[in-house]
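# Coordinates in review
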Amino acid sequence: MGSRLLFRQGRIGGPKNVLSWLSSFHHLSRSLHSLPFATVNAEEISGSQPAEVENFVQGNWTKSKNSNEILDPLNGEPFIKVAEVDETDIQPFVESLSKCPKHGLHNPFKAPERYLLYGDISAKTAHMLAQPKVSDFFTRLIQRVAPKSYQQAFGEVYVTQKFLENFSGDQVRFLARSFGVPGNHLGQQSHGFRWPYGPVAIVTPFNFPLEIPVLQLMGALYMGNKPVLKVDSKVSIVMEQMMRLLHHCGLPKEDVDFINSDGKTMNRLLLEANPRMTLFTGSSRVAEKLATDLKGRIKLEDAGFDWKVLGPDVQEVDYVAWVCDQDAYACSGQKCSAQSILFMHENWSKSSLISKMRVLAQRRKLEDLTIGPVLTFTTGQMLDHMSNLLLIPGSKLLFGGEPLENHSIPHIYGALKPTAVYVPIDEMLKEENFKLVTREIFGPFQIVTEYKDDQLPKILDALERMHAHLTAAVVSNDPLFLQEVIGKTVNGTTYAGLRARTTGAPQNHWFGPAGDPRGAGIGTPEAIKLVWSCHREIIYDFGPLPKHWEVPPPT
């Protein structure tokens, strides 16, 4: 009951421009019959009424002899039973992928009508997600398995809906746009085409249960591939329900397989099925193992120890403090784009920035899920990391550093107040400290440091030494400062200017790392073409032969 109360209290308003119609949710019917695709009701999932998650392979929903009981992240009750496939039962998935040829389910020369089909599927699904009762269903379901505020969960649904709108109608076939170049003689032309890989795999994490898998899945399908999709079992119920919605909107049932399994089983499937390309979003450790196992046939969006640099021009302190709070602590810091470290110019440290950040962090509470369970670090692990940081000379706790109180979050998860630790820049840069300070803690935890004008080269050195280059923010309206920092860094998604942030990736710009040829993007036509297709050149050479042509001498 406690978790359901928290859940209902968590249904606070979404973005301002949708508050008026979000309020209508209170009188919407909770009947499953109002959603023809749904097999669960988010508000009713509990230890006494557990939900079940199935697999989908070769056009059919299937159960499994094994069941993984997922604990409610708010009270520890087993509340979802996930039918997980083990290594002995992967053969149907291997066979399904093997039926897809390397040239894919469609390409510019094969079944081009399927480009139009997927434009229609996108339009229908976007229309469904725009309906308040459908949007609310997925928002609440996300909250149940990856607790975050209603606004944060709704934002995920909103971005997904807008992405599908973007690729409605003719937009899918525009992804396969080709180009031609005149040849050397009459009848010769070269044409470049975007070509699918055929059988592919997608592995996605827990923190965005809807947005990441949908955007990558649809990108793979748009380009003509046949994917097998695995989502972290803790949250896979969200994508299972989305698969049912996609089928309802016309997705051919043979086009996608959906598997629940542990990591070892999925690794075995990838090795046996040998997909032509795998998209992995998750930890760097697993990413590097897969890159080796799959012999480089992989695209990655792995860890992000994301940085923000505040330039010397101090202005709009309230706004910058609010963005820092959102970047570091929204979704309890469980975003691959979360602000992990803040480099503030000494001018900012003389302002009220830190005190305002402290006040904003203290507003967050479990009741509305603006702070909540951390699903990959325990409370003890985060506190141990903080203690190790505080052993560094000159370091200090700025705020937080204590467990959440009065909760029933299970011990396998973390429950920590929003935390910030200050570490002096010179100490941070020491070889014995750098690895510790730049360790990514996937929770409500950030490092803060300070620099002077003549220490900017030290900041740039620190940024050069970091190994993850996903998002970054340079908060300044000084064009020369922006030019200096941007020109000497590499992060793939970098926000620049007074309103710069590290999080909030929408559907209207590239989101992904840079500096790694394996780097994957998401959300845009460029990202889809890069990740889910390769280049194929076809050179037409019809003739005619020159008059009086003769066989030339050997060369």
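Scroll up for the structure.
The rules behind each value
- Residues numbered from 1 in each chain as written.
- Predicted model: local features only at pLDDT ≥ 70, side-chain atom pairs only at ≥ 80, totals over all residues.
- Heavy atoms only, no water.
- Helix = DSSP H or I, 4+ residues; strand = E, 2+ residues; numbered from the N terminus.
- Rg over C-alpha atoms; globule rule 2.2 N^0.38 Å.
- Buried < 20%, exposed > 50% of the residue type's maximum accessible area, 1.4 Å probe, protein only.
- Axes fitted to C-alpha atoms, helices over the stretch in contact; angles between N-to-C directions.
- Parallel < 35°, antiparallel > 145°, perpendicular 65-115°, else oblique.
- Left-handed = near helix turned anticlockwise from the far one by under 90°.
- Contact = heavy atoms within 4.5 Å.
- Nonpolar A, V, L, I, M, F, W, Y, C, P; charged D, E, K, R; others polar.
- Core = buried A, V, L, I, M, F, W, Y, C linked by side-chain atoms within 4.5 Å.
- Salt bridge = Lys/Arg side-chain N within 4 Å of Asp/Glu carboxyl O.
- Pairing = 2+ DSSP bridges.

## Examining the overall build of the protein
Within the protein one finds 20 helices and 20 strands. The C-alpha atoms of the protein give 25 Å as radius of gyration, which agrees with the globular expectation for 555 residues (24 Å, within 12%). Oriented by its inertia axes, the alpha-carbon framework of the protein measures out at about 85 × 60 × 45 Å. A buried classification covers 58% of the 555 residues belonging to the protein.

## Focus on the packing of helix α10 (residues 263-273) against helix α11 (residues 284-293)
Relative to each other, α10 and α11 sit at 25°, their axes nearing to 11 Å. Between α10 and α11, the angle is such that the two are roughly parallel. In this structure, α10 meets α11 at a crossing whose hand is right-handed. Across the interface between the two elements, N267, L270 and L271 of α10 pack against K289, L290 and D293 of α11. Among the residues making up the contact of α10 with α11, the classes are represented as 3 nonpolar, 1 polar and 2 charged.

## Considering unusual backbone geometry
Omega for the peptide link from G543 to P544 comes to 10°, which places this bond in the cis form. Tracing the backbone through its elements, the reader meets P544 in the segment after β20 (534-541). Positive phi values are uncommon outside glycine, yet S332 reaches one of about 55°. Among the secondary structure elements, S332 is positioned in the loop between α12 (317-329) and β14 (339-345). By relative accessible area, S332 is classed as buried at 1%.

## Brief notes about the nonpolar core
Core analysis: the biggest nonpolar cluster contains 143 residues, and F138 and F343 have the highest contact counts within it. Of the residues forming this core, the biggest block, 8 residues, is contributed by helix α8 (residues 211-222). Apart from the residues lying within four places of it in its own chain, the contact partners of F343 are W307, K308, V309, L310, I425, M428, T449, Y451, I459, A462, L463 and M466. Formed by 21 residues, the second largest nonpolar core is a distinct cluster that contains V94, V228, L290 and L300.

## Examining the pattern of salt bridges
Between side chains of opposite charge, a pair can form when the charged atoms approach closely. Within this structure, the stated rule accounts for 31 salt bridges. A salt bridge links K63 to E54; the nearest nitrogen and oxygen atoms lie 2.9 Å apart. The salt bridge partner of D426 is K458, with a shortest N-O separation of 2.6 Å. Here D426, found in helix α16 (residues 425-428), pairs with K458, found in helix α18 (residues 456-465); they are 32 residues apart in sequence, far enough to count as distant. Residue classification places D426 among the partly exposed residues on the basis of a relative accessible area of 39%.

## A word on the sheet that holds strand β7 (residues 188-195)
Strand order in this open sheet of 3 strands is β6-β7-β20, and the pairing throughout is antiparallel. Only two strands of the sheet have a single partner each, and these edge strands are β6 (179-182) and β20. Taken over all neighbouring pairs, the strand axes of this sheet differ in orientation by 20° on average, direction set aside. Strand direction decides the pairing type here: β6 and β7, joined by 4 bridges, are antiparallel. In the strand pairing of β7, F179 is matched with G192.

## Let's talk about the side chain of S533
Note on placement: S533 falls in the loop between α20 (525-532) and β20. Looking at S533, the relative accessible area reads 2%, which means it is buried. The residues contacting S533, other than those within four sequence positions of it, are R194, W195, Y197, M223 and I528.

## Details of the sheet that holds strand β4 (residues 66-71)
In spatial order, the strands read β1-β5-β4; together these 3 strands make up an open sheet with mixed pairing. Of all the strands in the sheet, the pair left with one neighbour each is β1 (51-53) and β4. Along the sheet, successive strands turn relative to each other by an average axial angle of 25°, direction set aside. The sheet contact formed by β1 and strand β5 (residues 78-84) spans 3 bridges and is parallel. Within the sheet, the bridge partner assigned to V53 lies in β5 and is V82.

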